[in-house]
Amino acid sequence: MLSLLLISIPVGFVGALTGLGGASILIPLMIFFGIPVKEAIASAMVSVVATSSGSASAYVRERLANVKIAMYLEMFTSVGAIIGATITTLIAPVYLYFFFAAFLMTSFIRSETSRDDVHCQGLSGSGDLSCRLELEGSYFDEATKQVVFYRADHPVLGGMGMMVAGLAAGMLGIGAGAFKVTVQENLLKLPTKVASTTSNFIMGMTALAGVSVYLFSGLLNLTLMAPMAVGTTIGAVAGGRVLNRLKGPLLRVLFFAVVVCIIIEMVYKGIASW
Amino acid sequence: MVERGGEGSGETRLETWISIVLMAGVAAALILEAWGIALLYRASHSLAISHDKAMFIHGRNFFILLGRRISGTDGSLGAVRVLALGIVVLILTPYTRTVMSVVYFASRKNLKYFFITLFVLAVLTISLMMH
């Protein structure tokens, strides 16, 4: 437990810097040290609840995360997470290695430019679903010193994308943050800061839906969950504090290196277990 | 940020309460987990990862299961009870903010978001109770 606690701190730190979250890195590490894959996934989901709730608290307080958009999208992610976690309890562990590696590859999808400065007051269409669902908001951008207005596009398509994100999160025990941000930026056309912080807010709820399934499957081990939750949250808080001081290219290199290492390990494990 | 022009989703009071609940829930859970780890070490002089049945949370109804764990009627040790309580608090943190959102939107007579948050709450409650 002490080793896992000590490993979880730098993992949470790197997870916060890369935007992958601690669970994506910790699960392959636990598997490497001999923890059964299903137990590792189930326990990691609890640490996702901790790290997400901890960091989302600040994002909500700073009005960066949009709670209405988050609550709308949670309808889809929570259902997806329950389906995903149920699949994990039913399928052979060997497939999970390959699913994990395949899903991490979606982290390389680069985002398109999001559309800012659009809000419902300037739209004549009261029939616009996004406006009817009040999927709009504003935030003060520290970098440009301006208030940015935004409105979510394609709410139905975005919801479907988030259901896929929830399914993967529940199935693999991760936050699926990178994928959620991609959906929000590319389909909902939300500004990057709103997409990443709202994604973080949603992660806790998605993870909770997944945890409920693992609870009944008897996969939640207290001696794994406790040190992981404490370690990754401490690491994530520390990572969040230094994030703005680090240069973008360095973070991209770190992200690329970590994701490639994890993909190689998971594919190797999958082939070895075949 | 709100005083500088950004309004988030425009639900300032709800956002403030959600922020407080999330922070308090995570802080309480992590303190309990750290305390549980210390108690476990004092009781067993070991911090090895255990696959003993007592270390797994397992049951068909989350709320009944946790009531038994916390009250100790399942015969678990003090350290295990504290660890389980920490996980309970953690699990209940996002659940609580959903309950709070349902109540908030009901009080504001915002039917759209009352039903949206109620749907999420129903999905979570059913998944926690009916397996």
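Data block above holds the structure.
What comes next concerns the included structure. (Residues numbered from 1 in each chain as written. Chains lettered and ligands numbered in written order. Predicted model: local features only at pLDDT ≥ 70, side-chain atom pairs only at ≥ 80, totals over all residues.)

Next up on the list: the overall build of chain A. The helix and strand inventory of chain A stands at 11 helices and 3 strands. Along chain A, helices (α) and strands (β) appear in the sequence α-α-α-α-α-α-β-β-α-α-α-β-α-α when read from the amino end. Taken against the 2.2 N^0.38 rule, which gives 19 Å for 274 residues, the C-alpha radius of gyration of chain A at 18 Å falls within 12% of a compact globule. Seen through its C-alpha atoms, chain A measures out along the principal axes to roughly 60 × 40 × 30 Å. For chain A, with 274 residues in total, the buried portion stands at 62%. For chain A, long-range pairs separated by at least 24 residues make up 82% of all intrachain contacts whose partners lie at least 6 apart in sequence. (Helix = DSSP H or I, 4+ residues; strand = E, 2+ residues; numbered from the N terminus. Rg over C-alpha atoms; globule rule 2.2 N^0.38 Å. Buried ≥ 20, exposed ≤ 12 C-beta atoms within 10 Å, placed from the backbone. Contact = placed C-beta atoms within 7 Å.)

A word on the environment of A:M205. Residue position: A:M205 is located in helix α9 (residues 192-217). Judged by the 28 C-beta atoms lying within 10 Å of it, A:M205 falls in the buried class. Look past the residues within four positions of A:M205 in its chain and what remains in contact with it is A:E74, A:T77, A:S78 and B:P94.

Moving on to the packing of helix α4 (residues 67-90) of chain A against helix α4 (residues 111-129) of chain B. One can describe the packing of α4(A) onto α4(B) by two numbers: an axis separation of 9 Å at closest approach and a directional angle of 25°. The orientation of α4(A) with respect to α4(B), classified from their angle, is roughly parallel. Seen from above, α4(A) lies across α4(B) with left-handed handedness. Here A:K68, A:M71, A:Y72, A:E74, A:M75, A:S78, A:V79 and A:I82 of α4(A) lie close against α4(B), whose contacting residues are B:Y113, B:I116, B:T117, B:F119, B:V120, B:V123, B:L124 and B:S127. Residue classes in the contact of α4(A) with α4(B) are distributed as 11 nonpolar, 3 polar and 2 charged. (Axes fitted to C-alpha atoms, helices over the stretch in contact; angles between N-to-C directions. Parallel < 35°, antiparallel > 145°, perpendicular 65-115°, else oblique. Left-handed = near helix turned anticlockwise from the far one by under 90°. Nonpolar A, V, L, I, M, F, W, Y, C, P; charged D, E, K, R; others polar.)

Moving on: the interface of chain B and chain A. Chain B puts 56 residues into the contact, and the matching count from chain A is 52 residues. Those elements that place two or more of their residues in the side of chain B that touches chain A are α1 (12-44), β1 (56-57), α3 (78-107) and α4 of chain B. Examining the composition of the side of chain B that touches chain A, we find that 14 residues originate from one element, α1(B), more than from any other. Among the residues forming the side of chain B that touches chain A, the class breakdown is 32 nonpolar, 17 polar and 7 charged. Bridge analysis of strand β3 (residues 220-221) of chain A against β1(B) gives 2 bridges, and the strand direction is antiparallel. From the neighbouring strand, A:L220 faces β1(B), where its bridge partner is B:I57. (Pairing = 2+ DSSP bridges.)

The next thing to look at is the pairing of strand β2 (residues 146-151) of chain A. All names here are of chain A. Pairing geometry for strand β1 (residues 136-141) and β2, over 6 bridges, is antiparallel. Looking across to β2, one finds that Y139 is bridged to V148. Count of turn residues in the β1/β2 antiparallel hairpin: 4 residues, of which K145 carries a positive phi of about 60°.

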